[in-house]
Amino acid sequence: ALPAAAARHYELSTGYVSAVGLDLPPTVEAAKEYALEQIGPAQFACLDRIIWHESKWDTFAHNSGGAYGIPQAWPASKMASAGPDWRWNPVTQIKWMLEYVRKKYGGACNAAAYRDRNGIY
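Residues numbered from 1 in each chain as written. Predicted model: local features only at pLDDT ≥ 70, side-chain atom pairs only at ≥ 80, totals over all residues. Heavy atoms only, no water.

Draft legend 1. Seen up close, the state of the cysteines. For the structure shown, the criterion picks out one disulfide. Linked covalently through their sulfurs, cysteine 46 and cysteine 109 form a disulfide whose S-S length is 2.0 Å. Residues cysteine 46 and cysteine 109 are joined through a disulfide that is right-handed, its torsion about the S-S bond being 85 degrees. One end of the pair, cysteine 46, is in helix α2 (residues 28-54); the other, cysteine 109, is in helix α4 (residues 108-118), with 63 residues separating them in the sequence. Cysteine 46 sits in the buried class, given a relative accessible area of 10%. What makes cysteine 109 partly exposed here is its relative accessible area of 23%. (Disulfide = S-S within 2.5 Å. Helix = DSSP H or I, 4+ residues; strand = E, 2+ residues; numbered from the N terminus. Buried < 20%, exposed > 50% of the residue type's maximum accessible area, 1.4 Å probe, protein only.)

Dropping the structure here:
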C-alpha cells in the first residue's frame, strides 16, 4: 500500500480513489480539491462563484443550448482535450475549465469579473 501522502497525491492527480481494489469514479470533492491545489484559495473562490452560477458543481448539468458539465462547456466535446472521460469525470472537467479560464481570461477571477459584467463567461 502507498503511504497516505503518496496515496492522496495519486488520488488528486488521477481523479480516482482506490477502495477494496476497485477504481471508483472521482467525486466532485476530488475536483474541488484538485482545483484548490492548482490555483490557490483566492482564485478558487472566483472559480467556485462561476461554477455555482453555471452548474452548481453538477458533473452532468446541461442546458437547452447544449452546454454541459461543471464548466457548462459548449460545445461539450471540447472538454475531450482534457481527457477521454470528460462526460462523467468532474476532475477532467475541472482540468479543462482551469485551462480555459487561464487561456481566455488570465485566471478565474478575471473570468468571474467578466461573467459578472456580461452574464456569461
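Draft legend 2. Layout of the side chain of glutamine 93. Mapping glutamine 93 onto the fold places it in helix α3 (residues 90-105). Of note is the side chain of glutamine 93, whose polar atom sits 2.7 Å from the backbone nitrogen of isoleucine 70. In terms of polar contacts, glutamine 93 uses its side chain to reach the backbone carbonyl oxygen of tryptophan 86, at 2.9 Å. Not counting the four nearest positions on each side in its chain, glutamine 93 is found in contact with Thr59, Tyr68, Gly69, Ile70, Pro71, Met79, Trp86, Arg87 and Trp88. (Polar contact = N/O pair within 3.5 Å; in protein donor to acceptor, adjacent residues only side chain to side chain. Contact = heavy atoms within 4.5 Å.)

Draft legend 3. Quick look at the packing of α2 against α3. Two numbers describe how α2 lies on α3: the axes approach to 9 Å, and their chain directions differ by 40 degrees. On the basis of their axis angle, the class for α2 and α3 is oblique. As α2 runs across α3, the sense of the crossing is left-handed. Across the interface between the two elements, Val28, Ala30, Ala31, Tyr34, Ala35, Gln38, Ile39, Leu47, Ile50 and Ile51 of α2 pack against Pro90, Val91, Ile94, Lys95, Met97 and Leu98 of α3. Looking at side-chain class alone, the contact of α2 with α3 contains 14 nonpolar, one polar and one charged residues. (Axes fitted to C-alpha atoms, helices over the stretch in contact; angles between N-to-C directions. Parallel < 35°, antiparallel > 145°, perpendicular 65-115°, else oblique. Left-handed = near helix turned anticlockwise from the far one by under 90°. Nonpolar A, V, L, I, M, F, W, Y, C, P; charged D, E, K, R; others polar.)

Draft legend 4. Molecular detail of the packing of aromatic side chains. Here the structure, examined in full by the defined rule, presents seven aromatic pairs. Between the aromatic rings of tyrosine 100 and tyrosine 121, the centroid separation amounts to 5.8 Å while the plane-to-plane angle is 80 degrees, which identifies the pairing as edge-to-face. Of the two residues, tyrosine 100 sits in helix α3 while tyrosine 121 sits in the segment after α4, which places them 21 residues apart along the sequence. As far as burial versus exposure is concerned, tyrosine 100 and tyrosine 121 are alike and both buried. Through a chain of ring-to-ring contacts, three or more aromatic side chains come together here, namely Trp96, Tyr100, Tyr105, Tyr114 and Tyr121. Above the face of the tryptophan 57 ring, lysine 32 is positioned so that its terminal group lies 5.2 Å from the ring centre. Between the NZ or CZ atom of lysine 95 and the centre of the ring of tyrosine 34, over which it lies, the distance is 5.5 Å. (Phe/Tyr/Trp six-rings, centres within 6.5 Å; stacked < 30°, edge-to-face > 60°. Lys NZ or Arg CZ within 6 Å of the ring centre and 35° of its normal.)

Draft legend 5. How the structure looks around unusual backbone geometry. Omega for the peptide link from tryptophan 74 to proline 75 comes to -10 degrees, which places this bond in the cis form. Note on placement: proline 75 falls in the loop between α2 and α3. Residues other than glycine seldom take positive phi values, yet tryptophan 57 does so here, at roughly 65 degrees. Mapped onto the fold, tryptophan 57 is located in the loop between α2 and α3. With phi around 55 degrees, glutamine 72 is a residue other than glycine that occupies positive phi space. Mapped onto the elements, glutamine 72 comes out in the loop between α2 and α3.

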